[in-house]
Amino acid sequence: MDLFSHAMQERMKSEAPLAARMRPRTLDEFIGQEHIVGPGKLLRRAIEADRLFSSIILWGPPGSGKTTLAMVIANQTKSRFETLSAVLAGKADLKEVIDHAIERRKLYNQRTILFVDEVHRWNRAQQDALLPHVENGTITLIGATTENPYFEVIGALVSRSRIFQLYPLRDEDIRKVLHAAINDPERGYGKRAIQVDEDAMEHLIRVAGGDARNALNALELAVESTLEDERGVIHITLQVAQESIQRRAVLYDKDGDAHYDTISAFIKSVRGSDPDAALYWLAKMLYAGEDPRFILRRLIILAGEDIGLGDPLGLVIANAAAQAFDYVGLPEGIYPIVEATLYLATAPKSNSAGAYFKAFQLIEQQGVGGVPRHLQDANRDAQALGHGQGYQYPHEAPDHFLPQQYLPKELLGTYFYQPSMQGYEAQVVERLERWRKAQREALGVTRAETLPALSQEEIEHIKSKHKPGV
């Protein structure tokens, strides 16, 4: 390296963003994630002993320390450390790294550790190209990903790696990161007089959302955009902090875990009759930019599945909210979404509509029974074949009920539907039992059996056999 290149590199280091300058160099400087790198933990012992022989995948949200941990390993290992970004690198770049790794192993018996940032961005073919070299030990992989590796990384690669999950940093961890940056004379602001008011510090910590990079970027903007006072002090007030980081970053990828986990928490809160939790998760989704129509579709499904006949108006209100939102849009369209959410969360609950899946399962197991003759269509073959003969029109009876056969003969006395004792459905119980008893007596049925409820797993399996709607 010539003098000019060295000078340029040193200048770039000094001019790098604060978050890059403050990146920890050793495990002692690393803040947070004690569950995997705390004293005595497996990964820490392997790094300190330079015995990282097994490939690892670091999975966690932005700013939780995945790349930093890889750089710490790079600083402590005697192995050759190579880095690729899955966003920029392709199979040709990977082949070059692997060729050099094989050569070093042959000539110098030196191992190669390959860090692949955003490894989930590689397609299956690219990940497959990596697999045999991980398997035979040519390289030790350190993969970093913000997505669930069990879904986004090929199974063969996951099975040959140890998964370490990183979590958003705790508030006390973010505070340590900020104090380190303020006090470090070499890489931070230790040579400058910085005064951060406590409420300003709390704002930076709270709004950073567990992301160390977010917090450091906000601190840097606050410091660099604030003039020194007459004492030569850069005073960071709450107003300055608020201007530096105005909106909390929310981890929410519409195709990732945060999306599915949050909608799951929302639906389960409504089903569990907790309107406050439902509003919280609703607010998180809308804050993060979720499509309101997606939320409304899930509410319509929930109204049928979990409210059901406990309150038949639930489905009406959910559907009306969806139509109202299409008329109004955001921001005022939030009101019908909230109204539907609160109504469904506070409505009596019944999943008795799941009785349908009992009938489906019975047909699947026993086949379809024939339609009784008196229920068949009389408009076509009434004279020739007797279709429809013997049918009694219920509305001709005083109470609009006549006890006649509706199920195939072999299924008489078999009941799929069991009303709950919730809301409107509680009113159904007495009259339904009266109708069923009269029907059994009129038809001479001596047995009665209500089929047991299916498990949610069984219901989901049956749902998968239905063709999706248009």
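1. Remarks on the overall build of the chain
Each helix and strand in the chain was counted, giving 22 helices and 9 strands. The principal-axis extent of the C-alpha atoms belonging to the chain is close to 105 × 65 × 40 Å. The burial tally for the chain puts 43% of its 470 residues in the buried class. Counted over contacts in the chain with a minimum sequence separation of 6, partners at least 24 positions apart contribute 73%. Just so you have it, the chain exposes about 26500 Å², and 53% of that area is on carbon and sulfur atoms. Side-chain charges of the chain comprise 54 positive and 63 negative groups, with the mean position of each set lying 6 Å from the other.

2. Considering the confidence of the model for the chain
Here the chain shows a mean pLDDT of 87. Residues at 70 or above account for 92%. Least confident of the elements in the chain is helix α1 (residues 3-15), whose mean pLDDT is 52; most confident is helix α18 (residues 334-346), at 95. Long-range and interchain partners of residues 3-8, a stretch whose pLDDT sits below 50, account for 1 contact in this model, where long-range means more than four residues apart.

3. Focus on helix α6 (residues 91-108)
In an α-helix, one full turn covers 3.6 residues, which means residues spaced three or four apart are oriented alike. Its 18 residues place the ends of α6 25 Å apart at the C-alpha level, agreeing with the 26 Å of an ideal helix rising 1.5 Å per residue. When α6 is considered as a whole, its buried residues turn out to be Leu94, Val97, Ile98, Ala101 and Arg104. One side of α6 holds all its buried residues, which, seen down the axis, span an arc of 125 degrees. Residues of α6 that are exposed and point more than 90 degrees away from the buried face comprise Ala92, Lys95, Lys106 and Leu107.

4. What about the packing of helix α19 (residues 355-366) against helix α22 (residues 456-463)?
Running from amino to carboxyl end, α19 crosses α22 at an angle of 65 degrees, the nearest separation of the two axes being 10 Å. Between α19 and α22, the interaxial angle falls into the category roughly perpendicular. Two packed elements cross with a definite hand, and for α19 against α22 that hand is left-handed. Mapping the contact onto sequence places Phe357, Phe360 and Gln361 in α19 and Glu458, Ile459, Ile462 and Lys463 in α22. A class-by-class count of the residues in the contact of α19 with α22 yields 4 nonpolar, 1 polar and 2 charged.

5. Section: the sheet that holds strand β2 (residues 80-85)
Taken in spatial order, the 5 strands line up as β2-β3-β4-β1-β5 in an open sheet, and their pairing is parallel. Sheet topology places β2 and β5 (161-165) at the edges, where each strand pairs with a single neighbour. Each adjacent strand pair in this sheet contributes to an overall mean axis angle of 15 degrees, direction not counted. As paired strands, strand β1 (residues 55-59) and β5 are joined by 5 bridges and run parallel to one another. Its bridge partner lying in β5, Leu58 is registered against Phe164. Against the sheet, helix α7 (residues 124-135) touches β1, β3 (112-117) and β4 (139-145), its axis set at about 135 degrees to β4.

6. Some details on the pattern of salt bridges
In the structure shown here, the tally under the stated rule is 27 salt bridges. With a closest N to O distance of 3.3 Å, Arg175 and Glu198 form a salt bridge. Note that Arg175 is positioned in helix α10 (residues 171-183) and Glu198 in helix α11 (residues 198-208), a separation of 23 residues in sequence. For Arg293, the salt bridge identified is with Asp326, shortest N-O distance 3.0 Å. Remark: Asp326 occurs in helix α17 (residues 313-328) and Arg293 occurs in helix α16 (residues 292-307); sequence separation between them is 33 residues.

7. Focus on the pairing of β1
Most of β1 is tucked away: 5 of the 5 residues are buried. Neither face of β1 is left uncovered, since the one carrying Ser55, Ile57 and Trp59 and the one carrying Ile56 and Leu58 both have all their residues buried.

8. Brief notes about the packing of aromatic side chains
Using the criterion set out here, one finds 4 aromatic pairs in the structure. When the centroid spacing of 4.9 Å and the interplanar angle of 80 degrees are considered together, the rings of Tyr280 and Trp281 count as edge-to-face. Ring centres 5.0 Å apart and planes at 75 degrees place the aromatic pair Tyr356 and Phe357 in the edge-to-face group. Owing to a relative accessible area of 13%, Phe357 belongs among the buried residues under this scheme.

The rules behind each value
Residues numbered from 1 in each chain as written. Predicted model: local features only at pLDDT ≥ 70, side-chain atom pairs only at ≥ 80, totals over all residues. Heavy atoms only, no water. Helix = DSSP H or I, 4+ residues; strand = E, 2+ residues; numbered from the N terminus. Buried < 20%, exposed > 50% of the residue type's maximum accessible area, 1.4 Å probe, protein only. Contact = heavy atoms within 4.5 Å. Areas by Shrake-Rupley, 256 points an atom, 1.4 Å probe, with all protein chains shown as cover. Lys, Arg positive; Asp, Glu negative; His and termini not counted. Charge placed at Lys NZ, Arg CZ, Asp CG, Glu CD. pLDDT = per-residue confidence, 0-100. Expected span 1.5 Å × (residues − 1). Arc of directions from axis to C-beta. Axes fitted to C-alpha atoms, helices over the stretch in contact; angles between N-to-C directions. Parallel < 35°, antiparallel > 145°, perpendicular 65-115°, else oblique. Left-handed = near helix turned anticlockwise from the far one by under 90°. Nonpolar A, V, L, I, M, F, W, Y, C, P; charged D, E, K, R; others polar. Pairing = 2+ DSSP bridges. Salt bridge = Lys/Arg side-chain N within 4 Å of Asp/Glu carboxyl O. Phe/Tyr/Trp six-rings, centres within 6.5 Å; stacked < 30°, edge-to-face > 60°.

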